[in-house]
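One letter stands for each residue in the lines below.
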Amino acid sequence: MELMRHSSSFLLPTIPTDGRSSTTYALVILNQNLPRFTPLLWKHAQVRLCADGGANRLYDEMPELFCSEDALDVRRRYKPDVIKGDMDSIRSEVLDFYTTLGTKVVDESHDQDTTDLHKCMSYICDFTPDLDKSNLCILVAGALGGRFDHESGNLNVLYNFSTTRIILISDDCLIHLLPKTHSHEIYIQSSAEGPHCGLIPIGMPSKRTTTTGLKWDLNDTEMKFGGLISTSNIVKGEKVTVQSDSDLLWTISIKKL
Ligand SMILES: Nc1ncnc2c1ncn2[C@@H]1O[C@H](COP(=O)(O)OP(=O)(O)OP(=O)(O)O)[C@@H](O)[C@H]1O
Ligand SMILES: Cc1ncc(C[n+]2csc(CCO)c2C)c(N)n1
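Residues numbered from 1 in each chain as written. Chains lettered and ligands numbered in written order. Predicted model: local features only at pLDDT ≥ 70, side-chain atom pairs only at ≥ 80, totals over all residues. Heavy atoms only, no water.

Within an unreviewed UniProt entry, the label attached to the protein reads Thiamine pyrophosphokinase, and the organism entered is Rubroshorea leprosula. For the protein, the Sequence similarities (unreviewed entry) comment in UniProt is given as "Belongs to the thiamine pyrophosphokinase family." Under the heading Subcellular location (unreviewed entry), UniProt records this for the protein: "Cytoplasm, Cytosol". (UniProt positions renumbered as here; feature names shortened; annotations may be inferred.)

Colleague: For the layout of surface pockets, give the residues involved together with the corresponding values.
Modeller: Each pocket or cavity is described by its volume, and for the largest pocket that value is around 1200 Å³. As for the largest pocket, its lining consists of 45 residues, and the residues nearest its centre are Arg-5, His-6, Thr-23, Asn-135 and Arg-165. Of all the secondary-structure elements, those providing two or more residues to the lining of the largest pocket are strand 1 (3-7), strand 2 (24-29), strand 6 (136-141), strand 7 (165-169), strand 8 (173-178) and strand 9 (183-187). Looking at the lining of the largest pocket element by element, the count peaks at 5 residues for strand 1. Composition of the lining of the largest pocket by domain shows at least three residues from each of domain 1 (22-171) and domain 2 (172-257). If you add up the space inside the second largest pocket, you get close to 400 Å³. Sorting the residues of the lining of the second largest pocket by element identifies helix 5 (116-126) and helix 6 (148-160) as the ones contributing at least two each. Looking at the lining of the second largest pocket residue by residue, the class counts come to 5 nonpolar, 12 polar and 4 charged. (1 Å grid on protein atoms, 1.4 Å probe; cavity = no way out; pocket = protein on both sides within 12 Å on 5 of 7 lines; lining within 4 Å. Points joined across faces, edges and corners; volume = space filled by probe spheres on them. Helix = DSSP H or I, 4+ residues; strand = E, 2+ residues; numbered from the N terminus. Domains from an automatic or database assignment. Nonpolar A, V, L, I, M, F, W, Y, C, P; charged D, E, K, R; others polar.)

Colleague: Just give me the short version of the packing of aromatic side chains, but keep the residues and values in it.
Modeller: Under the counting rule described, the total for this entry stands at 7 aromatic pairs. Ring plane angle 70° and centroid distance 5.9 Å describe the contact between Phe-10 and Tyr-25, whose orientation is recorded as edge-to-face. Of this pair, Phe-10 sits in the loop between strand 1 and strand 2 while Tyr-25 sits in strand 2; the two residues are 15 residues apart in sequence, bridging distant segments of the chain. Taking relative accessible area as the criterion, Phe-10 reaches 0% and is therefore assigned buried. Through pairs of rings, three or more aromatic residues link up here, namely Trp-42, Phe-66 and Tyr-78. Cation over ring: Arg-75 sits above Tyr-59, and NZ or CZ is 3.9 Å from the ring centre. Taking NZ or CZ as reference, Arg-77 lies 5.1 Å from the ring centre of Phe-66, over its face. (Phe/Tyr/Trp six-rings, centres within 6.5 Å; stacked < 30°, edge-to-face > 60°. Buried < 20%, exposed > 50% of the residue type's maximum accessible area, 1.4 Å probe, protein only. Lys NZ or Arg CZ within 6 Å of the ring centre and 35° of its normal.)

Here it is as C-alpha cells:
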C-alpha cells in the first residue's frame, strides 16, 4: 500500500525544504470567523479565493488583525484572485471594492445544488491552468465553528474531492481526510499544533484501524458512530501513523501562541 505523508508546515512562518518536491498551496476563505493566522496562510498560498460571503470576512476582519495599520492599505494588500459563489451573501460595497482592484468574479447563482466552497474547489481543480497541481494542498479558512449544516457541507467537500489534499481550518483545529487507499504518516508540528487529536470514522464504520504515536493507540480496532470513535486522544511525539480499512477524518488542535 502506498504511503501518504502529512505535515501542517503551512502553520509555520517559513516552510522547511526537506528535499522532497514542495507543496503548492491554494487558500479559500469562507464566510466564518477569519482565523488569526490567516495572513500566514495567505503568504504561503499561490492562489487565493473567497467563497461568496467569505469576501466580507476578508474585507471586515483582515484590518482587525493589523489594527495599527490603515484599513484601506490592509484591504488593498490582501486582494483575492477570485470570488466565486452564488453571490447572495457578498455585500455590494465589498464586491465593488475587489472588482475595482481587479479580482475575478465568478457568479454561479444558477447553481443552487452545490455549496460555495464546492464551487471554489471546482475552480481550483479545473480553471487554474498555471497552478502546479502535482503536489497541491487546498487550505480552507473558517470551515468550522459555525452552523452545523455548513460545517457538514464543508466536511462533505473532503469526500467530494477525496483525491485532492484539502485541510479545513479554524482558529482551534484542523481537519483532513485520510483515504483508506493509503497508509499515513502524520508529522506533528508541535510548536503550532497538538497535543489533542481525534480519528473519526464519518461516512462508514471502520472494522480495523491501527495507529502508532498516540496516547490511546488503536490496534486493529473497530470504530463506528454508536460505538467507539477516537476523541480527546493525545499525540505523543513527532510522528503518528494510521492505517485503516475505511476513510477517516484526522483532527488536531491548533495552539494559541
Ligand atoms: N456558519 C458557517 N460555518 C461554517 N462554514 C460556513 C458558515 N457560513 C458559511 N460557511 C462557508 O462559507 C461558504 C460561503 O458562505 P455564504 O454565507 O456565502 O454561503 P450561503 O450558501 O450564501 O449561506 P446561506 O446558507 O446562509 O445562504 C459556504 O459555502 C460555507 O462553506
Ligand atoms: C436536497 C437539497 N437541500 C438543500 C439544497 C439547497 N442548497 C444546497 S447548496 C445551495 C447553494 C448555497 O450557496 C443551496 C441553496 C438543495 N439544492 N438540495
